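# Examination of the molecular architecture
The chain contents come next:
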Amino acid sequence: MFGKKKVPEPVYDVTQKSVKTWWGGTKLVRTTKSEQKKMKAEILKKNPKATVIDSKAKRKQQREQWDRLDDFYDFMDDDTF
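Below is a short write-up of the structure. (Residues numbered from 1 in each chain as written. Predicted model: local features only at pLDDT ≥ 70, side-chain atom pairs only at ≥ 80, totals over all residues. Heavy atoms only, no water.)

### So, the overall build of the protein
- Broken down by element type, the protein carries two helices and four strands.
- Starting at the N terminus, the α and β elements of the protein follow one another as β-β-β-α-β-α.
- For 81 residues, the compact-globule estimate of 2.2 N^0.38 gives 12 Å, and the protein exceeds it by more than 25% at 19 Å.
- In the protein, of all internal contacts separated by at least 6 residues, the share reaching a separation of at least 24 is 42%. (Helix = DSSP H or I, 4+ residues; strand = E, 2+ residues; numbered from the N terminus. Rg over C-alpha atoms; globule rule 2.2 N^0.38 Å. Contact = heavy atoms within 4.5 Å.)

See below:
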């Protein structure tokens, strides 16, 4: 009850990186697959319990969201009351 709370594992998204623009600002740019592999290896070497989201995991997550939305719309469109 009064023990320490568990700190959640950190989540890293390696699908985008920040780069400098010509005018001194920064913007997010997509990373290539080889860059994602390098970033993922670095992160897991520093923190093995970390969760890394790469392009494959992001696509899977988006598909799951679309499936949940489709199920919800099917439920709402059901005419049997």
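There is more to say, and it comes next.
### Structural notes on the side chain of T31
- When you line up the elements, T31 lands in the loop between β3 (26-30) and α1 (33-46).
- Judged by its relative accessible area of 10%, T31 falls in the buried class.
- Within the structure, the side chain of T31 is placed 2.7 Å from the backbone oxygen of V14, a separation counted as a polar contact.
- At 3.3 Å, the side chain of T31 forms a polar contact with the side chain of Q36.
- Those residues in contact with T31 that lie beyond four places of it in its chain are V14, T15, Q16, K17, Q36 and M39. (Buried < 20%, exposed > 50% of the residue type's maximum accessible area, 1.4 Å probe, protein only. Polar contact = N/O pair within 3.5 Å; in protein donor to acceptor, adjacent residues only side chain to side chain.)

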